[in-house]
Amino acid sequence: MITDTSTQQPEITKSEPAKTPSNNTAKDFRHYLVKFQSLIALFLLCAVIGLLSDNFFTVANGWNVMRQISVNICISVGMTLVILTGGIDLSVGSVLAFSGAVTAGLLSAGIELPAFDLFIGFTLLGGIIVGMATGSILGAFNGWTITRFRVPPFVATLAMLTIARGLTMLWTNGFPISGLGEGFVTIGTGWFLGIPVPVWISAVVVVSFMMITTKTKLGRYIYAIGGNENAARLSGINIKKVKIIVYSLAGGLAAVGGLIVTARLNSAQPNAGFSYELDAIAAVVIGGTSLSGGRGTILGTVLGAIIIGVLNNGLVLLDVSPFWQQVVKGIVILLAVIIDKSSSKNQ
Amino acid sequence: MITLHTYYSSNSTIWILLPLLFLFSGTSCDNKEAEKPRVAVVVSTLNNPWFVVLAQSAANKVKALGYEAKIFDSQNNTALETDHFENLIASGYIAVLFNPTDADGSIANVLQAKAADIPVFCMDREINNAEAPTSQILSDSYSGCVSLGTYFVQEMNKSGKYAELLGLVGDNNTWSRSRGFHSVVDDYPNLQMVAQQNADFDRNKAMEVMESILQAHPDINGVFCGNDAMALGAYQALLASGLDDSVKVFGFDGAEEVVAMIQEGKIEATGMQFPVVMAETAANFADQYFKGKRDFPKKIPVAVEMVKSSNVSHYIKQD
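Residues numbered from 1 in each chain as written. Chains lettered and ligands numbered in written order. Predicted model: local features only at pLDDT ≥ 70, side-chain atom pairs only at ≥ 80, totals over all residues. Heavy atoms only, no water.

1. Concerning the overall build of chain A
Consideration 1: Secondary structure assignment for chain A yields 14 helices and six strands.
Consideration 2: Buried residues in chain A amount to 50% of all 347 residues.
Consideration 3: Contacts in chain A between residues far apart in sequence, at least 24 positions, make up 77% of those at least 6 positions apart.
Consideration 4: Taken as a whole, chain A presents about 16,200 Å² of accessible surface, with 68% of it coming from carbon and sulfur. (Helix = DSSP H or I, 4+ residues; strand = E, 2+ residues; numbered from the N terminus. Buried < 20%, exposed > 50% of the residue type's maximum accessible area, 1.4 Å probe, protein only. Contact = heavy atoms within 4.5 Å. Areas by Shrake-Rupley, 256 points an atom, 1.4 Å probe, with all protein chains shown as cover.)

2. Some remarks on the nonpolar core
Consideration 1: Residues Val310(A), Leu165(B) and Val223(B) are the most contacted members of the largest nonpolar core, which totals 109 residues.
Consideration 2: Excluding its chain neighbours within four sequence positions, the residues that come into contact with Val223(B) are Ala163(B), Leu165(B), Met210(B), Leu238(B), Val247(B), Lys248(B), Val249(B) and Phe250(B).
Consideration 3: With 26 residues, the next largest nonpolar core counts Val62(B), Ala95(B), Met123(B) and Ala286(B) among its residues. (Core = buried A, V, L, I, M, F, W, Y, C linked by side-chain atoms within 4.5 Å.)

3. Looking at the side chain of Glu268(B)
All names here are of chain B.
Consideration 1: Mapping Glu 268 onto the fold places it in the loop between helix H10 (256-263) and strand S10 (269-272).
Consideration 2: Lacking a salt bridge, the buried Glu 268 has Lys 248 as its closest oppositely charged neighbour, with an N-O distance of 5.5 Å.
Consideration 3: The contact partners of Glu 268, leaving out residues within four places of it in the chain, are Tyr 151, Glu 155, Lys 248, Val 249, Phe 250, Ile 262, Val 307, Lys 308 and Ser 309. (Lys, Arg positive; Asp, Glu negative; His and termini not counted. Salt bridge = Lys/Arg side-chain N within 4 Å of Asp/Glu carboxyl O.)

4. Some thoughts on the environment of Thr147(A)
All names here are of chain A.
Consideration 1: Here Thr 147 shows up in helix H5 (residues 124-148).
Consideration 2: What makes Thr 147 buried here is its relative accessible area of 10%.
Consideration 3: On a C-alpha basis, the gap between Thr 147 and Pro 270 in space is 30 Å, while along the polypeptide they are 123 residues apart.
Consideration 4: Apart from residues lying up to four places away in sequence, Thr 147 is in contact with Lys 240, Lys 243 and Ile 244.
Consideration 5: A distance of 2.8 Å separates the side chain of Thr 147 from the backbone oxygen of Gly 143, its partner in a polar contact. (Polar contact = N/O pair within 3.5 Å; in protein donor to acceptor, adjacent residues only side chain to side chain.)

5. Brief notes about the confidence of the model for chain B
All names here are of chain B.
Consideration 1: In this model, chain B carries a mean pLDDT of 86, and residues with pLDDT of at least 70 account for 88%.
Consideration 2: Predicted confidence for residues 1-10 stays below pLDDT 50, and this span has zero contacts to residues more than four positions away or in other chains.
Consideration 3: Note that pLDDT drops below 50 for residues 27-33; the model gives that stretch three contacts with residues more than four away or on any other chain.
Consideration 4: Across the assembled chains, the prediction reports ipTM 0.72 with pTM 0.77. (pLDDT = per-residue confidence, 0-100.)

6. What about the interface of chain B and chain A?
Consideration 1: Of the residues lining the interface, 26 residues belong to chain B; the matching set on chain A comes to 32 residues.
Consideration 2: Taken together, both faces of the contact between chain B and chain A bury some 2,500 Å²; the carbon and sulfur share is 48%.
Consideration 3: Among the residues of chain B in contact with chain A, Asn47(B), Gln197(B) and Gln215(B) are the three that bury the most area, contributing 24% of the side total.
Consideration 4: A salt bridge links Glu211(B) to Arg67(A), with the shortest nitrogen-to-oxygen separation between them at 3.6 Å.
Consideration 5: No other element matches the 10 residues that helix H8 (residues 203-216) of chain B contributes to the side of chain B that touches chain A.
Consideration 6: For the side of chain B that touches chain A, the per-class residue count stands at 12 nonpolar, nine polar and five charged. (Buried area = accessible area lost by both parts, 1.4 Å probe. Nonpolar A, V, L, I, M, F, W, Y, C, P; charged D, E, K, R; others polar.)

7. Some details on the sheet that holds strand S4 (residues 120-124) of chain B
Residue and element names in this part refer to chain B.
Consideration 1: With parallel pairing, six strands are arranged side by side in an open sheet as S2-S1-S3-S4-S5-S11. Two strands lie at the open edges of the sheet, namely strand S2 (68-73) and strand S11 (299-302), each paired on one side alone. Direction aside, neighbouring strands of the sheet carry axes that sit 15 degrees apart on average.
Consideration 2: Looking at chain direction, S4 and strand S5 (residues 135-139) are connected through four bridges and run parallel. Counted as the bridge partner of Cys 122 is Gln 136 from S5. (Pairing = 2+ DSSP bridges. Axes fitted to C-alpha atoms, helices over the stretch in contact; angles between N-to-C directions.)

8. Some details on the environment of Ala40(B)
Consideration 1: If you trace the backbone, Ala40(B) turns up in strand S1 (residues 38-43).
Consideration 2: Take Ala40(B): its relative accessible area is 0%, and that puts it in the buried class.

9. Section: a nonpolar patch on the surface
Residue and element names in this part refer to chain A.
Consideration 1: A contiguous nonpolar surface patch, about 490 Å² in accessible area, is contributed by Trp 324, Val 327, Ile 331, Leu 335 and Ile 339.
Consideration 2: Position of Ile 331 among the secondary structure elements: in helix H14 (residues 322-346).
Consideration 3: Classification of Ile 331 by relative accessible area gives partly exposed; the value is 46%. (Patch = residues over 30% accessible without salt bridge, like charges linked within 9 Å, V, L, I, M, F, W, Y side chains within 5 Å.)

10. Here we look at the packing of aromatic side chains
Each pair of aromatic rings is reported with the distance of its centres and the angle of its planes.
Residue and element names in this part refer to chain B.
Consideration 1: One pass over the structure, following the stated rule, counts 21 aromatic pairs over all chains.
Consideration 2: Ring centres of Phe 121 and Phe 285 lie 6.2 Å apart, and the angle between their planes is 65 degrees; this geometry places the pair in the edge-to-face category. On the criterion of sequence distance, the pair formed by Phe 121 in strand S4 and Phe 285 in helix H11 (residues 275-290) is long-range, its members being 164 residues apart. For the pair Phe 121 and Phe 285, one class covers both residues: buried. (Phe/Tyr/Trp six-rings, centres within 6.5 Å; stacked < 30°, edge-to-face > 60°.)

11. Brief notes about the pattern of salt bridges
Consideration 1: Under the defined criterion, the tally for this structure stands at 12 salt bridges over all chains.
Consideration 2: The shortest N-O distance in the salt bridge between Lys243(A) and Glu229(A) comes to 3.3 Å. Of the two residues, Lys243(A) is situated in helix H11 (residues 239-265) and Glu229(A) in helix H10 (residues 229-234); the sequence distance between them amounts to 14 residues.
Consideration 3: The buried category is assigned to Lys243(A), whose relative accessible area is 12%.
Consideration 4: Taking the shortest distance from any N to any O, the salt bridge between Lys161(B) and Asp219(B) comes out at 2.8 Å. Taken together, the residues Lys161(B) in strand S6 (residues 160-166) and Asp219(B) in the loop between H8 and strand S8 (222-225) connect sequence positions 58 residues apart.
Consideration 5: Judged by its relative accessible area of 39%, Asp219(B) is partly exposed.
Consideration 6: If you follow the salt bridges from partner to partner, you end up with Arg67(A), Arg264(A), Glu208(B) and Glu211(B) in one network.

Following this line, the structure appears as structure tokens:
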């Protein structure tokens with residue numbers, strides 16, 4: 001699963017001439033160091049935590065970490081697409097909460113329309129589909145305001161961050177929605193072929209979006225827009241359409257994360273997903289994706305999410321003081337970006 | 001030319017926004033409602049069901065007493081709370097039912113209201129100035145956790161390993177609960193705390209942190225959680241790893257879900273707080289103040305009651 005992270009970029013981003021093979025071995029070594037930097041960082045991190053704690057390298061803990069990062073992976077994959085186009089999506093945490101709450105509300109109580117004397121009950125699949133559609137629609141709305149009114153993505157999605165949180169409060173009245181049924185809970189806590197269901201879901205998300213970014217037209221358009229929007233427009237790419245699709249996908253993936261969180265707890269919390277957008281951005285950035293767009297990979301983001309997950313898990317295993325944990329996480333993000341900056345200069 | 005254009009466009013935005021404001025302001029356009037004296041309910045956050053209950057009970061009681069009520073959400077932000085106070089002083093509210101964001105940071109806001117002759121009644125959380133508020137109706141988290149700690153020691157047979165889940169590390173309640181608990185438990189050297197981690201009063205975070213703690217310490221016998229949401233999250237993690245029978249879970253707040261689980265024997269105990277009692281007492285005080293009463297007790301502690309298996313039947317809601 002883990003391979004070269006930087007050669008995944010499609011042709012269109014390679015604006016510089018092809019590299020000539022270097023005779024200098026030191027330079028070669030540095031080249032590989034840069035290529036695999038996230039992977040090396042992850043190995044170092046695991047080695048250090050493994051040395052300090054006997055409980056880190058166990059199968060059970062491995063599944064633990066994978067299950068815990070599954071939500072962040074879903075969100076960060078969507079965030080990667082958005083950042084590749086040169087945008088940002090701050091609303092994913094709130095969208096996650098709202099879609100999860102919508103699904104939970106529909107599954108537990110359905111919809112009552114007293115005016116029409118109508119009651120609509122929802123099956124498991126129905127509730128899930130409406131929840132994911134909710135996320136996608138909120139995402140599409142982001143894309144629409146960004147392209148139609150030229151609202152900067154930071155502002156448009158910041159507005160959606162509070163709108164979706166408010167909608168969640170309205171929908172839940174500020175109380176958790178619980179009791180969602182065995183079938184739904186399986187999404188969060190079940191196992192399939194010896195692997196936790198949330199890990200399956202995130203794996204499917206990662207593989208499909210790796211395919212989309214590397215093998216499809218849409219993927220090439222996303223990189224092209226982030227690389228040089230004017231050039232992309234002049235070459236006939238429908239920028240508005242691509243952007244709306246990208247933000248819808250980000251919203252839909254946040255909804256998938258919302259399903260997992262809600263199912264794991266068997267309860268939709270009104271404050272779910274609070275500040276998840278920051279974890280997602282951190283995963284994307286640690287994974288080597290450039291915040292100015294056009295450069296980065298899904299696989300890099302997955303590595304970034306794993307690094308954050310391992311860090312969260314390791315700091316608790318070692319019982320590091322909660323105060324220090326925040327400092328350590330901040331320093332890791334900072335180091336990742338500094339290394340990335342200096343390495344892209346070297347290339 | 002460009003400035004002219006901007007001027008017109010921003011101007012037209014205002015014309016679009018104005019009618020929208022009226023649309024959303026609802027009752028404020030209604031003359032009948034405006035004649036009633038208004039009471040403000042300023043609450044630290046509405047992001048947590050416990051505070052939603054506190055704020056809504058206060059508002060409902062105020063309305064039942066014949067006043068208009070409006071809830072202000074400070075979003076755990078003292079600066080936003082200051083804005084709320086400035087607004088409510090300017091718009092002529094007669095009293096504030098107040099759940100402060102911060103024991104020290106909120107003092108200035110209360111003093112500001114006092115200077116404008118608006119009485120402030122603190123609910124649940126205390127501010128560190130006895131003179132500024134007209135009265136403080138407080139939930140005693142510290143003593144509640146002292147008795148919870150005593151029960152913890154008894155249930156653990158004075159020995160074993162345990163973990164503690166803290167709330168938000170920057171929050172007063174987090175530490176008053178933790179200190180109350182440790183003031184008892186730390187006297188027993190055979191009770192060993194193997195992990196103390198924060199889970200931000202959040203159910204999902206508590207579950208994840210607990211999963212990791214269980215990897216390092218599968219041999220713990222108990223976990224003390226700073227609120228019930230975290231107790232539920234911790235229980236979920238224990239259930240998933242099959243340790244729910246060997247680890248005793250203790251919470252705090254008295255959430256309905258947890259009370260039901262105490263009856264089922266899944267959670268050991270919780271500290272029951274009484275948000276409705278506190279909110280209604282504060283509303284009654286505001287009513288009495290408006291009718292001329294001035295001498296109120298400066299502090300009214302509302303005891304936290306411990307809910308455990310032996311008395312849980314008193315706390316189950318009968319439908």
